[in-house]
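So you can see what is in the structure, the chains are spelled out below.
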Amino acid sequence: MTVDTYRPRRSVLYIPASNDKALAKLGSLACDAVIIDLEDAVPPADKAAARDKVAGILANREKRCEMVVRINPLASEWGADDLRAVAKAEPDGILLPKIGTPRDILEAGDLLDDNSVPDGVKLWAMVETPRALLNIGAIAELGRDPASRLNCFVAGTNDLVKATGVLADRRYLMPWLMQLVLAARAGGLDVIDGVANDFRDLDAFAGECAEGAAMGFDGKSLIHPAQIEPANRAFSPSAEALAEARAIRDAFARPENVGRGVIALDGRMVERLHLTQAEKLLAKAAIIGA
Ligand code: COA
Ligand code: MG
């Protein structure tokens, strides 16, 4: 994602579509995006009613945070009806769970096109199956196709643990998560880290956010409002990073450095690629601050 199209996705909160009390909080939450969930958080008996409710919520939304709806898998008995009903209400994104191949994204895109859904309705994809991880390069490549609506990956770490049998410990998920970040960058997509289930341990959560930011994720998926503030903090440029970015920008602006490709700054080599990075960081901070 280029700087001029940057929109913060530091904190992406799941809200079960069947939880009215949680949904009532929508207007007061400081998260960058919400994912209203029709999938795992909603029991089968409630799925149809939840779907109808989501359309109403979207119709009355304020534009402050991005609104995404996670539908049921297209192959399930609810998926296609979910997609059609949700698309009519034009959310910012529709999140597809349990994808495995590029075809899963293309099929959803075709359904949206066939129903004349505006291009502004993007597709987000859960990466939570072994197949999706094995096909991740080809899936991410769709991000380069202007006709594809694919816009963002979300790591589904709970399902990955379940599907692989790996111990529920980030150490073992690390190679897959790093591969996911790499693929997202190759495709020009945003990528959101998985949830932390233990929502009462905010110290551990802050550590996991810092780790996710260091790994290159754009933000964290959240399950509880208490997680919003630490995620926003961890995925915003730090004061130190901003000070360094300003120093680099100012150094290249000095008359003696204007035409130079590489300079020394406080005993370190700084190249023009660092200037580009610095300008990007400053632009992001300005958008977050605004
Ligand atoms: N979004 C918005 N509000 C939420 C919320 C969420 N995800 N989770 C909790 N809240 C609200 C509660 O409704 C409660 O409101 P109140 O103060 O008006 O009573 C308040 O925050 C405090 O909630 P708390 O009592 O601490 O938690 P809980 O026991 O009600 O709920 C969970 C805990 C985990 C069941 C709940 O946070 C949840 O359902 N999270 C999302 C799960 C999900 O979507 N999973 C699928 C994707 S992984
Ligand atoms: Mg899942």
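What this report covers is the structure whose coordinates are included nearby. The residue numbering used here restarts from 1 in each chain and proceeds along that chain's sequence as written. In the order they appear in the text, chains get letters beginning with A and ligands get numbers beginning with 1. Confidence filtering applies because this is a predicted model: local features only for residues at pLDDT of at least 70, side-chain atom pairs given and counted only at 80 or more, and all residues used for totals across whole chains, interfaces and linings. Side-chain numbers come from the whole structure's heavy atoms, not from hydrogens or water.

### As for unusual backbone geometry
This is how the line gets drawn: Helix and strand assignments follow DSSP, with helices taken as H or I runs no shorter than four residues and strands as E runs no shorter than two, numbered in order from the N terminus. Under the scheme applied here, a residue whose accessible area is under 20% of the maximum for its type counts as buried, over 50% as exposed, and between as partly exposed, the area being computed with a 1.4 Å probe on protein chains only.
If you check the backbone angles, Lys-98 has positive phi at about 50° while not being a glycine. Position of Lys-98 relative to the elements: it lies in the loop between strand 4 (93–96) and helix 4 (102–114). By relative accessible area, which is 31% here, Lys-98 ends up partly exposed. Positive phi outside glycine occurs at Asp-266, with the angle close to 50°.

### Section: the site of ligand 1
Let me state the cut-off plainly: Here a residue is considered near a molecule or strand provided that any single heavy atom belonging to it is located within 4 Å of it. For the purposes of these results, a polar contact is taken to be a pair of N or O atoms within 3.5 Å, where, inside protein, one atom must be able to donate a hydrogen and its partner to accept one; residues adjacent in sequence count only when each atom of the pair is a side-chain atom. Each accessible area is a Shrake-Rupley result for a 1.4 Å probe, and residues are judged covered by the shown protein chains and nothing else. Method remark: on a 1 Å grid restricted to protein atoms, a set of points is classed as a cavity if a 1.4 Å probe fits but cannot get out and as a pocket if it is open with protein on both sides within 12 Å along at least five of seven lines; lining residues have an atom within 4 Å of a point. Whether a molecule sits in a cavity or pocket is decided by its atoms, more than half of which must lie within 2 Å of the grid points. Put simply, Ala, Val, Leu, Ile, Met, Phe, Trp, Tyr, Cys and Pro go in the nonpolar bin, Asp, Glu, Lys and Arg in the charged bin, and everything else, Gly too, in the polar bin.
Around ligand 1, the structure places 15 residues, and the nearest of them are Tyr-14, Lys-21, Lys-25, Ile-223 and His-224. Between ligand 1 and the protein, one listed contact pairs an oxygen atom with a side-chain N or O atom of His-224 at 2.7 Å. Within the complex, the protein chains bury 65% of what would otherwise be the 900 Å² of accessible surface of ligand 1. Here ligand 1 occupies the second largest pocket. When residues of the shell around ligand 1 are traced back to their parent elements, those giving at least two are strand 1 (11–16) and helix 1 (20–23). In terms of residues, the shell around ligand 1 owes the most to one element, strand 1, which gives four residues. Across the shell around ligand 1, the residue classes break down as nine nonpolar, one polar and five charged.

### Thoughts on the coordination of the magnesium ion (ligand 2)
How we decide: The donor set comprises N, O and S atoms within 2.8 Å of the metal, extended to 3.2 Å for Na, K and Ca; water molecules are omitted, so apparent gaps in a site may simply reflect that omission.
Distances from the magnesium ion (ligand 2) to its protein donors, Glu-128 (OE) and Asp-159 (OD), fall at 2.0 to 2.1 Å. Highlighted residues: Glu-128 in the loop between strand 5 (122–127) and helix 5 (130–134) and Asp-159 in helix 7 (residues 157–164), separated in sequence by 31 residues. By relative accessible area, Glu-128 is classed as buried at 2%. The class for Asp-159 is buried, based on a relative accessible area of 13%.

### Focus: the packing of aromatic side chains
Short version of the rule: The aromatic pairing rule takes the rings of Phe, Tyr and Trp, using the six-membered ring of Trp, and pairs them if the centres are within 6.5 Å, calling planes under 30 degrees apart stacked, those over 60 edge-to-face and the rest tilted. Should the NZ of a Lys or the CZ of an Arg lie within 6 Å of a ring centre and within 35 degrees of the ring normal, that charge is described as sitting over the ring.
One pass over the full model with this rule turns up zero aromatic pairs. If you follow Lys-47 out to its NZ or CZ, it ends over the ring of Trp-78, 5.0 Å from the centre.

### Quick word on the environment of Arg-171
Tracing the backbone shows Arg-171 in helix 8 (residues 170–187). On the accessibility criterion, Arg-171 (58% relative accessible area) is exposed. When the C-alpha atoms of Arg-171 and Asp-104 are compared, they prove to be 29 Å apart, with 67 residues separating the residues in sequence.

### With respect to the layout of surface pockets
Just so we agree on the cut-off: Grid points are joined across faces, edges and corners, and a volume is the space filled by probe spheres set on the points. For each domain, the first and last residues come from an automatic or database assignment.
Reported here for the largest pocket is a volume of approximately 840 Å³. What lines the largest pocket is a set of 31 residues, and nearest its centre among them are Pro-237, Gln-277, Lys-280, Leu-281 and Lys-284. Mapped onto the lining of the largest pocket, the elements with two or more residues apiece are helix 8, helix 11 (239–253) and helix 12 (272–289). It is helix 12 that contributes the most residues to the lining of the largest pocket, eight residues altogether. Residue assignment places the lining of the largest pocket across two domains, with domain 1 (3–234) and domain 2 (239–289) each supplying three or more. The calculated volume of the second largest pocket comes to roughly 500 Å³.

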